[in-house]
Amino acid sequence: FWHKRFTQQAGWTKEVRRYILQTLRATRTTPLLEVGCGTGAVLNKIYRDGYHRAYGADIVFSGVEFAKKHNPRLRMTCADGFHLPFRDQRFTITLCHYFLMWVSDPAAVLEEMKRVTRTGGHLVVLAEPNYAAREDEPAELQKLGELQNMALLATGAHINIGNQLRDLFKQNQLTDIHVSMLKPASIRPTAREALLEWQVIELDLNQLVNRGHLTPDQVEQFHLQDKQARTAGSRRMFIPTYFGWAKVP
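Everything in this summary refers to the structure shown in the same document. These numbers come from a predicted model, not from an experiment.

This next bit is on the overall build of the chain. Scanning the chain for helices and strands turns up nine helices and nine strands. In terms of overall size, the chain behaves like a compact globule, its C-alpha atoms giving a radius of gyration of 19 Å where 249 residues would be expected to give roughly 18 Å. Across its three principal directions, the C-alpha atoms of the chain cover 55 × 35 × 30 Å. A burial count over the chain gives 50% of its 249 residues as buried. The long-range fraction of contacts in the chain, counting pairs at least 24 apart against all pairs at least 6 apart in sequence, stands at 76%. Carbon together with sulfur atoms contributes 50% to the accessible area of the chain, which is approximately 12,500 Å² in total. In the chain, which carries 32 positive and 25 negative side-chain charges, the distance between the mean positions of the two groups comes to 10 Å.

Right, here's the structure in full:
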């Protein structure tokens, strides 16, 4: 399930990922590292785009195993993003993808990413959302968005991390900073994409069920409203999501 979700997200950032790597003049032999690589969904696509010195690090061993099984040529290690097992200035590009929102101290992780990146190299953040500025339509589903945000906050997620990227880069004394918003994903997702999106929402809402803030029947009611709105063509969920890169001085 999570590999499907990560693959879906990798599709959202395909164009900007290729644009950034070309802009930074990455080549087949450029050493690059993805921190928080999960199941390798993004890293595998980077490798298949021709960047063959691709390394990945993730704290979840099963995800690392999954990635290596699907592409044995990837260089993978199980590691904590706060303590990467690489020497100083090891990589030319160090990147992450939907990762900073989940770590306890995003600035500290960026500092560690900076440590393993060469002087003149770059840190790249491919996607970080700002759930605090989300928009849900029709009106009856605004409450659904608020509840999902509540569930994310309960897990410790930084729901407005996308809005903080520029400041995080400056805090780590990076230079030549570029931050922009990703173009929105398709407003008419396929049935499969819509189902996957709902499954993620449901996982979040179930945390509120477990805490006694929601009932399973209320979750199912939201599901029905979501399905009806999609059938009617009135469902819209917009979460501003940002990307950026900056140079290591």
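Anyway, onward from the coordinates.
Looking now at the sheet that holds strand S5 (residues 117–129). Reading across the sheet, the seven strands line up as S3-S2-S1-S4-S5-S9-S7 and stay open at both edges, with mixed pairing between neighbours. If you trace the sheet from one side to the other, it starts and ends with strand S3 (75–78) and strand S7 (175–181), each paired once. Mean inter-strand twist for the sheet, computed between neighbouring axes without regard to direction, equals 15°. Where strand S1 (residues 32–35) meets strand S4 (residues 91–96), three bridges bridge the pair, whose relative direction is parallel. Within S4, the residue paired with Leu-33 across the bridge is Thr-94. Packing against the sheet, helix H3 (residues 41–48) makes contact with S1, strand S2 (54–58), S3, S4 and S5, and its axis sits at approximately 160° to S1. In the packing of helix H4 (residues 61–70) onto the sheet, contacts are made with S2 and S3, and the angle to S3 comes to roughly 165°.

Further remarks concern the environment of Asn-71. Within the secondary structure layout, Asn-71 lies in the loop between H4 and S3. Judged by its relative accessible area of 5%, Asn-71 is buried. Spatially, the C-alpha atom of Asn-71 lies 11 Å from that of Ala-54, the residues being 17 residues apart in sequence. Once residues within four sequence positions are removed from consideration, Asn-71 is found in contact with Asn-44 and Tyr-47.

Time to look at a positive patch on the surface. On the surface, a cluster of positive charge is contributed by Lys-14, Lys-45, Arg-48 and Arg-73. Relative to the helices and strands, Lys-14 resides in helix H2 (residues 14–23).

Summed over all chains, the structure comprises eleven salt bridges. Here Arg-235 ties to Asp-136 by a salt bridge, and the two come within 3.3 Å at their closest N and O atoms. Of this pair, Arg-235 sits in the loop between helix H9 (216–232) and strand S8 (236–238) while Asp-136 sits in strand S6 (residues 135–137), and the two are 99 residues apart along the sequence. Through salt bridges with shared partners, a single ionic network connects Arg-134, Asp-136, Asp-226, Arg-230 and Arg-235.

So, on to a nonpolar patch on the surface. Taken together, Phe-1, Trp-2 and Leu-203 make up a surface patch of nonpolar side chains, about 290 Å² in accessible area. By secondary structure assignment, the location of Phe-1 is in the segment before helix H1 (2–12). Residue Phe-1 is classed as partly exposed on the basis of its relative accessible area of 38%.

This brings us to the packing of aromatic side chains. For any pair of aromatic rings, geometry is given as the distance between the ring centres together with the angle between the planes. Applying the stated criterion to the full structure yields six aromatic pairs. Taken together, a centroid distance of 6.3 Å and an interplanar angle of 70° make the contact between Trp-12 and Tyr-98 edge-to-face. Taken together, the residues Trp-12 in helix H1 and Tyr-98 in the loop between S4 and helix H5 (106–115) connect sequence positions 86 residues apart. On the basis of relative accessible area, Trp-12 is assigned to the partly exposed category, the value being 31%. Residue class for Tyr-98 comes out buried when judged on its relative accessible area of 13%. Aromatic pair Phe-86 and Phe-91: ring centres 5.0 Å apart, planes at 85°, arrangement edge-to-face. The class for Phe-91 is buried, based on a relative accessible area of 0%.

Bringing the state of the cysteines into the picture now. A covalent bond bridging the sulfur atoms of two cysteines is what the word disulfide describes. Applying the stated criterion across every chain, the model contains zero disulfides. Free cysteine: Cys-37, not disulfide-bonded; nearest cysteine sulfur from Cys-78 at 9.3 Å. With no disulfide of its own, Cys-96 lies 12 Å from the sulfur of Cys-37, the closest cysteine sulfur. Residue classification places Cys-96 among the buried positions, given a relative accessible area of 0%.

Thresholds applied
- Every residue gets a number counted from 1 within its own chain, in the order that chain's sequence is written.
- Per-residue local features of the predicted model are confined to residues with pLDDT of at least 70, and side-chain atom pairs are confined, for both listing and counting, to 80 or more; whole-chain, interface and lining totals are unaffected and use all residues.
- Neither water nor hydrogens contribute to the side-chain values; these are computed over all heavy atoms in the structure.
- Helix and strand definitions here come from DSSP, where helices need a minimum of 4 consecutive H or I residues and strands a minimum of 2 consecutive E residues; each element is numbered from the N-terminal end.
- Our radius of gyration looks at C-alpha atoms and nothing else; its globule reference is 2.2 Å times the residue count to the power 0.38.
- Throughout this description, buried means an accessible area under 20% of the type-specific maximum (1.4 Å probe, protein chains only), exposed means over 50%, and partly exposed covers the range between.
- Any two residues whose heavy atoms approach within 4.5 Å are treated as being in contact.
- Per-residue accessibility takes into account occlusion by the displayed protein chains alone, with areas from the Shrake-Rupley method and a 1.4 Å probe.
- As used throughout, the charge tally considers Lys and Arg to be positive and Asp and Glu to be negative, leaving His and the chain termini uncounted.
- Taken as the charge centre is NZ of Lys, CZ of Arg, CG of Asp or CD of Glu, depending on the residue.
- Between any two strands, at least two bridges found by DSSP are needed for them to pair.
- For helices, the axis comes from a line fit to the C-alpha atoms of the stretch in contact; other axes are also lines fit to C-alpha atoms, and the angle between any two N-to-C directions lies between 0 and 180 degrees.
- Candidate patch residues must exceed 30% relative accessible area and have no salt bridge, after which like charges are joined if within 9 Å and Val, Leu, Ile, Met, Phe, Trp or Tyr side chains if within 5 Å.
- We define a salt bridge as a contact between a side-chain nitrogen of Lys or Arg and a carboxyl oxygen of Asp or Glu at a distance within 4 Å.
- Two rings belonging to Phe, Tyr or Trp (six-membered ring only in the last case) form a pair when the distance between their centres is within 6.5 Å. Interplanar angles under 30 degrees mark stacking, angles over 60 mark edge-to-face geometry, and anything in between is tilted.
- Counting rule for disulfides: a pair of cysteine sulfur atoms within 2.5 Å.

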